Amino acid sequence: MAITSYPFDGQSVSEGQFSYLFRELQSTGVADSTGGVGFMVYGDSSGMQVKANAGYAIVRGHAVQSTATTIVPIAAASTSARTDRVVLRLDPALNSIVPTVVQGTPGGGLPALTQTDTGIYDFPLARVAVAPGAATITAAVVTDERQFTGNTVGGWTTATRPASPRIGRLGLNTSTNTWEYWTGTTWSALAPTVTWSSISGRPNEFSPGTHTHDWGEVTNKPTTFNPSAHTHDWAQVTGKPATYAPTSHGHAWDEISGKPGSFTPASHSHTWASITSKPSTFAPSSHSHSGYLTSGSTIAWANGTKRAHNDSVSGSGTYYAVWVQGDGTFARNTSSIKFKENVRDFEISPEDLLALRPVIYDRKDKVESDGTVRPGRKDEVGLIAEEVEPHLPWLINYLDGEVDGLRYDLLGVALVPVVQRQEEAIRALEGRLAALEAKVS
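Remember, it's a predicted structure, so these values are computed and weren't measured experimentally.

Asks: Hey, could you go over the overall build of the protein chain for me, with residue numbers and the actual values?
Replies: For the protein chain, the count of helices and strands is five helices and 22 strands. Out of the 441 residues in the protein chain, the part that is buried amounts to 22%. Partitioning the intrachain contacts of the protein chain with sequence separation of at least 6 by distance along the chain shows that 46% fall at a separation of at least 24. Surface exposure of the protein chain reaches about 32100 Å², of which carbon and sulfur atoms provide 54%.

Right, here's the structure in full:
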């Protein structure tokens, strides 16, 4: 018959057919973790013998299990050194797989193994170096030759790689501690180590000698020349000062870019962050300036903030709650309808407000650049913004994408529905109480 398919119900399947099937499902080897002791052969100086540990193995599609240590005799030493091999021998005629010895030739090399496809098959476990005149087998003369099975991959040493593996067979080589696969002709590293010598197209020397490239060979080059305005990382800049800021030096006026069109420059302003050598505290310790504070400036306006509330007020004569804008300037906190549009009811859950936790806390100390420690304020009372955020996120202020502060001025707005709800409950209870008293009387 040219085509055979099996196993099926009511069909006679031979031992050889099952062997073909199982060997494709699992390769020959010891069923143990790589480096395990299943079927490991060792010498213990107890005479001309070795011992094989208990273990489980697959040999050409057949299984063998040993539950106890097996003693394997070694033939008497010869006048010349020889190498014997301890194997698991599959003998289909005897229906057995047992440890046995393939004796080497004195003065010869490693004995060949019988590995037929349907008859005897020897699976190597170890080789034993038998010295001339030896009377005992020590641990030092036994070399492990086992291969290991795996669910989809195997494990072996360089000396015990599978013979005639299927193309693509994958395993861990414990001699080199690398994964390797069979290409059909050779074992190749799955992730080879890249060395300078293995790189193709590399310069003959490193760093390469002075050379040139055509403009078309240059990658990441600007699209125009001179290139349009762009930036470079500090590390890419050549001829830069060795220190930053560089040591004291000077520049000619025409070398400075971004300078004012006139000197002294016309009236202008700077943000607080762009000012250098500014005081470390605000307001700084007692000092004076002449001609720098102008009427209506932010600093001049803020100079009155320590006045008692009943002091007279210039201008409109009205006190205002003040907000600080993102650019650091002040603005009135206004509530008039003339500043608003799209007005609608805002539903607030009283439960969210009642979930808030008032706390008392200390501000962290601040360490100045000169090492001076400014103690933080102690025993302040308030709320923790991160605890408020899940309940009333509209009360939260953010800075640089992180929770920063609370809109305490809006906390009263959140209280309104709670008070209204409690007022409704009180009135309802009073009504019910009045009705009950009238009924009783």
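Asks: How would you explain the sheet that holds strand S1 (residues 29-30) if you had to name every residue and give the values?
Replies: Reading across the sheet, the three strands line up as S1-S4-S5 and stay open at both edges, with antiparallel pairing between neighbours. The sheet is open, and its two borders are formed by S1 and strand S5 (62-66), each paired with just one other strand. Direction of pairing for strand S4 (residues 55-59) relative to S5: antiparallel, over a ladder of five bridges. From the neighbouring strand, Tyr-56 faces S5, where its bridge partner is Gln-65.

Asks: Can you tell me about helix H5 (residues 411-440), naming the residues and giving the values?
Replies: With 30 residues, H5 extends 44 Å between its outermost C-alpha atoms, agreeing within 8% with the 44 Å of an ideal straight helix rising 1.5 Å per residue. Looking at H5, one finds that the buried residues are Ala-414, Pro-417 and Val-418. Buried residues along H5 sit in contact with helix H3 (350-354).

Asks: Tell me about the sheet that holds strand S10 (residues 142-144), and name the residues and values.
Replies: Judged by pairing direction, the sheet is antiparallel, and its four strands sit side by side in the order S8-S7-S9-S10 without closing on themselves. Because the sheet does not close on itself, it has two edges, and the strands there are strand S8 (96-102) and S10. Pairs of neighbouring strands in the sheet enclose a mean axial angle of 25°, with direction left out of account. Bridge analysis of strand S7 (residues 82-91) against strand S9 (residues 121-130) gives nine bridges, and the strand direction is antiparallel. In the strand pairing of S9, Val-86 is matched with Ala-126.

Asks: Mind laying out the packing of aromatic side chains, listing which residues take part and the relevant values?
Replies: Counting across every chain of the model gives three aromatic pairs. When the centroid spacing of 5.0 Å and the interplanar angle of 55° are considered together, the rings of Trp-156 and Trp-187 count as tilted. Note that Trp-156 is positioned in strand S11 (residues 154-156) and Trp-187 in strand S14 (residues 187-189), a separation of 31 residues in sequence. Take Trp-156 and Trp-187: they sit in the same class, and that class is buried. Centre to centre, the rings of Phe-346 and Trp-394 are 5.1 Å apart; their planes meet at 75°, and the pair counts as edge-to-face. In this pair, Phe-346 sits in the loop between strand S16 (330-332) and H3 while Trp-394 sits in the loop between helix H4 (385-388) and strand S21 (396-399), placing the two residues 48 residues apart along the sequence.

Asks: Outline the pairing of S8, supporting the account with residue identities and numerical values.
Replies: Examined bridge by bridge, S7 and S8 share seven bridges and lie antiparallel to one another. Paired with Asp-91 across the strands is Ser-96, a residue of S8. Where S7 folds back onto S8 in an antiparallel hairpin, the turn is made up of four residues, including Asn-95, whose phi is positive at roughly 50°.

Asks: Help me get a handle on the environment of Ser-66, residues and values and all.
Replies: Mapped onto the fold, Ser-66 is located in strand S5. A C-alpha to C-alpha distance of 9.1 Å links Ser-66 and Gly-38, two positions 28 residues apart in sequence. When sequence neighbours within four positions are dropped, the list of residues in contact with Ser-66 reads Phe-39, Ala-54 and Gly-55. Within the local environment of Ser-66, its side chain forms a polar contact with the backbone oxygen of Ala-68, the two atoms lying 2.9 Å apart.

Asks: Can you explain the nonpolar core? Please cite residues and give values.
Replies: Ranked by internal contacts, the top residues of the largest apolar core, which has 24 residues, are Val-41, Val-50, Val-59 and Leu-88. The set of elements that each furnish at least two residues to this core consists of strand S3 (49-52), S4, S7 and S9. Take this core: its biggest share by element is six residues, from S9. Not counting chain neighbours up to four residues away, the residues in contact with Val-50 comprise Val-41, Tyr-42, Thr-70, Ile-71, Val-72, Ile-74, Val-86, Val-128, Ile-137 and Val-142. The next biggest cluster of nonpolar side chains, apart from the first, holds twelve residues, and it includes Leu-383, Ala-385, Leu-406 and Ala-414.

Asks: Mind laying out the side chain of Gln-17, listing which residues take part and the relevant values?
Replies: Residue placement: Gln-17 occurs in helix H1 (residues 15-25). For Gln-17, the side chain forms a polar contact with the main-chain nitrogen of Ser-14, separated by 2.9 Å. Excluding residues within four positions of it along the chain, Gln-17 makes contact with Thr-4, Tyr-6 and Ser-12.

Asks: Please set out a nonpolar patch on the surface residue by residue, giving values where relevant.
Replies: Together, Val-194, Trp-196, Ile-199 and Phe-206 make up a nonpolar patch on the protein surface, roughly 450 Å² of accessible area in all. Note that Phe-206 resides in the loop between S14 and helix H2 (298-302).

Asks: Mind laying out the pattern of salt bridges, listing which residues take part and the relevant values?
Replies: Overall, the coordinates contain 15 salt bridges when judged by the stated rule. Notably, a salt bridge pairs Asp-144 with Arg-146, separated by 2.8 Å at the nearest N-O pair. A salt bridge links Asp-409 to Arg-407; the shortest N-O distance between them is 2.9 Å. Within the structure, one salt-bridge network assembled from shared partners comprises Arg-85, Arg-127 and Glu-145.

Conventions adopted
Residues numbered from 1 in each chain as written. Predicted model: local features only at pLDDT ≥ 70, side-chain atom pairs only at ≥ 80, totals over all residues. Heavy atoms only, no water. Helix = DSSP H or I, 4+ residues; strand = E, 2+ residues; numbered from the N terminus. Buried < 20%, exposed > 50% of the residue type's maximum accessible area, 1.4 Å probe, protein only. Contact = heavy atoms within 4.5 Å. Areas by Shrake-Rupley, 256 points an atom, 1.4 Å probe, with all protein chains shown as cover. Pairing = 2+ DSSP bridges. Expected span 1.5 Å × (residues − 1). Axes fitted to C-alpha atoms, helices over the stretch in contact; angles between N-to-C directions. Phe/Tyr/Trp six-rings, centres within 6.5 Å; stacked < 30°, edge-to-face > 60°. Polar contact = N/O pair within 3.5 Å; in protein donor to acceptor, adjacent residues only side chain to side chain. Core = buried A, V, L, I, M, F, W, Y, C linked by side-chain atoms within 4.5 Å. Patch = residues over 30% accessible without salt bridge, like charges linked within 9 Å, V, L, I, M, F, W, Y side chains within 5 Å. Salt bridge = Lys/Arg side-chain N within 4 Å of Asp/Glu carboxyl O.

Any functional reading would require information that these geometric values do not contain.
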